[in-house]
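Remarks on the overall topology
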Amino acid sequence: MDKKPYDPSEIEQTLYQEWETSGLFEPGESSESYSLAIPPPNVTGTLHMGHGFQNAIMDCLIRYHRMSGKNTLWQVGTDHAGIATEMVVERRLNAEGKSKESIGRAAFEKEVWDWKKYSGNKITSQLRRLGSSLDWSSERFTLDDEYQYAVQSAFIQLFEDGLIYQGKRLVNWDPVLETSLSDLEVVNKDVVIKIWEIKYLLDSTDEFVTIATTRPETLFGDMALAVNPDDERFLHLVGKSAVIPLCDRVIPIVADNYVDPEFGTGVVKITPGHDFNDYELGKRHGLHINDDNQCCTGSEKEFDPISILSKEVKIIGVAPEKFHGMDRFDARTELLKDLDAQGFLLKESEYESTLPYGDRSDQILEPLLTDQWYVDAKTLAKPAIEAVKSKEITFVPANWEKTYFQWMDNIQDWCVSRQLWWGHRIPIWYDADGQAYAGHSEEDVMEKNNLAGPLIQEEDVLDTWFSSSLWTFATLGWPEKTSKLELFHPTTALVTGFDIIFFWVARMIMMTKYFMKEVPFKEVYITGLIKDENGQKMSKSKGNILDPIDLIDGVSLEALLEKRTEGMMQPQLKEKIIKQTKKQFPDGIESYGTDALRYTYYSLASPGRDINFDIGRIKGYRNFCNKIWNAFRFIEMQAATHSYQPAEHKADALSDWMSQKIFQSSLNCKTHIETYRFDLAAAEIYELVWSNFCDWNIELSKVAIQKSTDPSVTADLIGNLFKNFENILKLLHPFMPFITEELFAKMNALKGFDGRQFLVEAGFANLTTSKDNGVDELINIISELRVIRSENANIKDETLHLVLSGNLAPSMVKLIQEFEEIVCGIAKLDAIEFSTEDYEESIEKAMTNYKIIIPLAGLIDPEEELERLRKELGNVEKDIKIISSKLENEQFVAKAPEAVVQKEKGKITTAENKKLMLEKSIAKLQS
RNA sequence: AGACCCGUAGCUCAGUUUUGGUUAGAGCGCCGCAUUGACAUUGCGGAGGUCGAUGGUUCGAGUCCAUUCGGGUCUACCA
């Protein structure tokens, strides 16, 4: 037999193929279902640690329930990821000297589909590498025809129900991607910017007022100045007019509570077309340009903001000709120069503020007045809030509900139109009068509305999150009433990160409640975010990303460096990243295999918000895999050596003990899985396999088999190992699918089982428990003997004689006699004797109600032993003091629960017993 | 401005809610010992923390309350 360690690369990919082709992951018809929908990854993306983590968790859940006999569906699919994908393809086109405009919409869409075809199965093959037992037979893509139909249907219904409307409003405009963004896609960054004070002359006078602004270039679009109505300094100005410098446009001065007298100069310029607050103020005062081309106040209905920036954020409109066509920031520089030259610029100072950036483009966004489509989120939010309040949906951990409510209670209407080409084109057609109609196609709209045509389709596409908000039911065939919807919706649970609670979770709840009249899932397990070992977020620019596949297969330093530095947005960081990577991984990364990686994820899956991925831990779990592998090899070897034949085998105290440990662990695991405590489940099984099965069951069996002279006893011993190991494999399978499946097959082969059986089909064993049978105490004795040896260097390798003296239960005596040969073998004893005899020279250890005596005439140093005993006595006396002080406290005895008091009393009895035994031993040595 | 999370052994983390109750646990690392017989990706033994700080409630606090220090996240933001 070869001695090389477990090599996962030899089995993992083959096994996955077998699973997949055997249709093991496909759902059945039983109504007792358990279903999960995968958070659809970006179709052209690649797997990162967060995916790895969450998919490991989902796979454990789905495998666990599948093995428990549930009809499971783990819905798989990918997302078209509108902006992200469009950006990538555009960049590729640019590299070829082309642009999307130059090739046109149809050709561009084809380019993206080609790109999807080229890179689209990378992520799905990576999911397979993780062992994820997804139902590939029902894989969906958010731009599949059926899915598109579902998205259109949803839009049309919302439109017809009046919950989607079109409006000219200020939106967050990304000037690079030239599209609108929803509030959530805005990243507010703290920056130090400048603030300028500029004077505006009062109309027809030489007087002036000073305003403060951080965006001087927007003054071209000013429609008013505003002061606080309670600000005595400026009250006299209200109702008068001011002149915009360099523009000579006259604007009214209004009073509004929005203005903070303490801030800036107390006078604010109002540019409703380029600032969200100004927009609201402008609306309140009905700012508009009247028929005489004068800017004036009016009713809210008359409000008509002016815009001085184009979609490329270049100056246009009522701004002076000279600035037309200038970029917004160039115009600012130029304008400040002019203002200064003409004496309008009074002051420039630094100011800490926040600026809105696009989460994809990382550019400063511009509030821009455009036509967009909005979803009435306030209406949809109500049932969605109720669903969580009524516990129809529960969050795990529960505190995320707070976050959810906080956002939902203040929800703003959702801008769902995007000025992109890759995505779901909004199913709206306009007639010649510009009237909008919703429908699946031009013909559909014409027929439904009795229109002659031709009609013009809306150019915009939908926010990607609109389509993914329908994910749990659109993947199951909605709007058709399919049997799958019936069986698997609502899904049982959703596993995702807190970073997309708003983007996705909340919106899914809103949409599903609306269309399905039920929740999308019953539980939301919010996982932590995987950070690096220093608690830093993993990011390309930090150069600390880890690829789960690299941890599985291993990677050379060269390849790792290449991966971490290619296509960097900030090349100046390259050197630092190379240095840091070389330091952390001087030899690259070893191969650990999927099972070890998965187990690492589970062990880290505690309820916290951040999960620091310590690379050191994965090594421990690879060793764990190796341990399991070798446990099997031991069993295999015994079976071969003793020509083992499978049959009914008689259990013994040891195998009962092991079965009981497995039973207890499986109960604990069940609870841990149900409460999403994969860390505790992982620790539980680790302990079971390593500390119970390998360290004791195998070790004790090893000696037992060696000593056995009766072939039927030997067969029983091996048979019991088979049984317990198989049950361990079953328990472990949802966590470590590969190695367990492989070993299960090998076990079957050893048993002469003909054909293939998978662990999933085998299900969990029906275990029952038995009472504590004393094996734990037996183990205590052996451990104590080890301590004695390690404390006394001169008897390290001696064969010793063990005497047990005191009140041992008859059942315990019987067990020890039954195991005498085995204990002697494992602890290197010649015999175990029960006696009350005193020994002149011996080492003695006080156990709970008996003592261990090792007679050692001539082998111990009495002084040393005396000292050791005195130290132990000291400890026991200290314990007694602590416990008795408790018991002497009347308050304690009176107020503490009876059980606690009894426990303390029991403890003191034990301690006093020990004390007595120790005192006797000491007295004997002293005599 | 509001909300939330974290601070426990050298390191990475459990334990803190439902249920306050032994002398606070694990893995890694460290120290000592062991070597070819499942496994050195091993075995055996050991050292190491008073639970960020302060105060309070209680017979009893890592656990509950208050205050405070340090680190972090999200939401909303005044030109």
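Residues numbered from 1 in each chain as written. Chains lettered and ligands numbered in written order. Predicted model: local features only at pLDDT ≥ 70, side-chain atom pairs only at ≥ 80, totals over all residues. Heavy atoms only, no water.

1. A look at the overall build of chain A
A count of helices and strands for chain A gives 32 helices and 30 strands. The C-alpha radius of gyration of chain A comes to 37 Å, more than 25% above the 30 Å expected for a compact globule of 927 residues. Reported as C-alpha extents along the three principal axes, the dimensions of chain A are approximately 120 × 65 × 55 Å. Buried residues in chain A amount to 54% of all 927 residues. (Helix = DSSP H or I, 4+ residues; strand = E, 2+ residues; numbered from the N terminus. Rg over C-alpha atoms; globule rule 2.2 N^0.38 Å. Buried < 20%, exposed > 50% of the residue type's maximum accessible area, 1.4 Å probe, protein only.)

2. Topic: the protein's contact with RNA strand B
Phe263, Asn277, Tyr351, Asp879 and Lys895 are the nearest of the 56 residues found near RNA strand B. At 2.5 Å, a side-chain N or O of Asn612 approaches a phosphate oxygen of RNA strand B. Lys702 places a polar side-chain atom, nitrogen or oxygen, 2.9 Å from a phosphate oxygen of RNA strand B. Mapped by element, the contributors of at least two residues to the surface near RNA strand B are strand E7 (208–213), strand E14 (345–358), helix H11 (400–409), helix H21 (615–641), helix H23 (678–707), helix H27 (775–791), helix H31 (890–895) and helix H32 (898–926). At 10 residues, H21 tops the list of elements feeding residues into the surface near RNA strand B. When the residues that make up the surface near RNA strand B are grouped by side-chain class, the tally is 20 nonpolar, 17 polar and 19 charged. (Near = heavy atom within 4 Å. Polar contact = N/O pair within 3.5 Å; in protein donor to acceptor, adjacent residues only side chain to side chain. Nonpolar A, V, L, I, M, F, W, Y, C, P; charged D, E, K, R; others polar.)

3. Focus: a negative patch on the surface
Residues Asp861, Glu863, Glu864 and Glu867 make up a contiguous surface patch of negative charge. Following the sequence through the fold, Glu867 ends up in helix H30 (residues 862–888). Using a relative accessible area of 57% as the deciding quantity, one classes Glu867 as exposed. (Patch = residues over 30% accessible without salt bridge, like charges linked within 9 Å, V, L, I, M, F, W, Y side chains within 5 Å. Areas by Shrake-Rupley, 256 points an atom, 1.4 Å probe, with all protein chains shown as cover. Salt bridge = Lys/Arg side-chain N within 4 Å of Asp/Glu carboxyl O. Lys, Arg positive; Asp, Glu negative; His and termini not counted. Charge placed at Lys NZ, Arg CZ, Asp CG, Glu CD.)

4. Notes on the pairing of strand E1 (residues 33–37)
Where burial is concerned, most of E1 is hidden: four out of the five residues are buried. Note that E1 and strand E2 (residues 71–78) share five bridges and pair parallel. Across the sheet, Ala37 pairs through a bridge with Gln75, a residue of E2. Note that the unit made of E1, helix H2 (residues 49–67) and E2 has a crossover that is right-handed. (Pairing = 2+ DSSP bridges. Right-handed = clockwise from strand over helix to strand, strands pointing away.)

5. Let's talk about the packing of helix H1 (residues 12–21) against helix H25 (residues 737–750)
Between H1 and H25, whose axes approach to 10 Å, the crossing angle comes to 80°. Taken together, the axes of H1 and H25 are roughly perpendicular relative to one another. Residues Glu12, Leu15, Tyr16 and Trp19 of H1 pack against Pro737, Phe738, Glu741 and Glu742 of H25. Classifying every residue of the contact of H1 with H25 gives five nonpolar, no polar and three charged. (Axes fitted to C-alpha atoms, helices over the stretch in contact; angles between N-to-C directions. Parallel < 35°, antiparallel > 145°, perpendicular 65-115°, else oblique. Contact = heavy atoms within 4.5 Å.)

6. Quick look at the packing of H27 against helix H29 (residues 820–827)
Direction vectors running N to C along H27 and H29 enclose 30°, while the axes themselves pass 10 Å from each other. Comparing their axes, H29 and H27 come out roughly parallel. Handedness of the H27/H29 crossing: right-handed. Residues Leu778, Ile782, Leu785 and Arg789 of H27 lie in contact with H29, whose contacting residues are Val823, Ile826 and Ala827. Residue classes in the contact of H27 with H29 are distributed as six nonpolar, no polar and one charged. (Left-handed = near helix turned anticlockwise from the far one by under 90°.)

7. Here we look at the packing of aromatic side chains
Scanning the model with the defined rule gives 45 aromatic pairs in all. With centroids separated by 6.1 Å and ring planes inclined at 45°, the aromatic side chains of Trp414 and Phe466 adopt a geometry described as tilted. Separated by 52 residues along the polypeptide, Trp414 in strand E17 (residues 414–415) and Phe466 in helix H13 (residues 464–468) bring together distant segments of the chain. Exposure remark for Trp414: the relative accessible area of 5% places this residue in the buried category. For Phe466, a relative accessible area of 0% gives the class buried. Here the aromatic rings of Tyr525 and Phe678 are separated by 6.2 Å at their centres, their planes lie at 45°, and the arrangement is tilted. (Phe/Tyr/Trp six-rings, centres within 6.5 Å; stacked < 30°, edge-to-face > 60°.)

8. Overview of the state of the cysteines
Going through the model one piece at a time under the given rule, you end up with zero disulfides. Cys60 carries a free sulfur, and the closest cysteine sulfur to it, the one in Cys669, is 8.4 Å from it. Free cysteine Cys247: the closest other cysteine sulfur is in Cys295, separated by 12 Å. (Disulfide = S-S within 2.5 Å.)

9. What to know about the sheet that holds strand E5 (residues 179–181)
If you trace the four strands from one edge of the open sheet to the other, you get E5-E4-E15-E17, paired in antiparallel fashion. In the strand order of this sheet, the two ends are held by E5 and E17, each with one partner. With 10 bridges joining them, strand E4 (residues 164–174) and strand E15 (residues 366–375) adopt antiparallel strand pairing. For Leu170, the partnering residue across the bridge sits in E15 and is Leu369.

10. Comments concerning the environment of Lys907
Secondary-structure assignment places Lys907 in helix H32. Using a relative accessible area of 38% as the deciding quantity, one classes Lys907 as partly exposed.

11. Topic: the domain arrangement of chain A
Entries for chain A in the domain assignment read domain 1 (179–367), domain 2 (534–591), domain 3 (610–762) and domain 4 (861–927). Centre-to-centre, using C-alpha coordinates, domain 3 lies 40 Å away from domain 4. (Domains from an automatic or database assignment.)

12. Remarks on helix H24 (residues 711–732)
Its 22 residues give H24 an end-to-end C-alpha distance of 31 Å, which sits within 8% of 32 Å, the value for a rise of 1.5 Å per residue. A large share of H24 lies buried, amounting to 17 of its 22 residues. Two or three places before Ser712, at the start of H24, stands the capping residue Asp710, its side-chain oxygen 2.9 Å from that residue's backbone nitrogen. (Expected span 1.5 Å × (residues − 1).)

13. Focus on the sheet that holds strand E19 (residues 428–430)
The strand order across the open sheet formed by three strands is E20-E19-E21, and the pairing between neighbours is antiparallel. Unpaired on one side and paired on the other, strand E20 (436–438) and strand E21 (456–457) mark the two borders of the sheet. Examined bridge by bridge, E19 and E20 share three bridges and lie antiparallel to one another. By the bridge assignment, Trp429 is partnered in E20 with Tyr437. The sheet strands contacting helix H7 (residues 145–160) are E19 and E20, and the helix crosses E20 at an angle near 130°.

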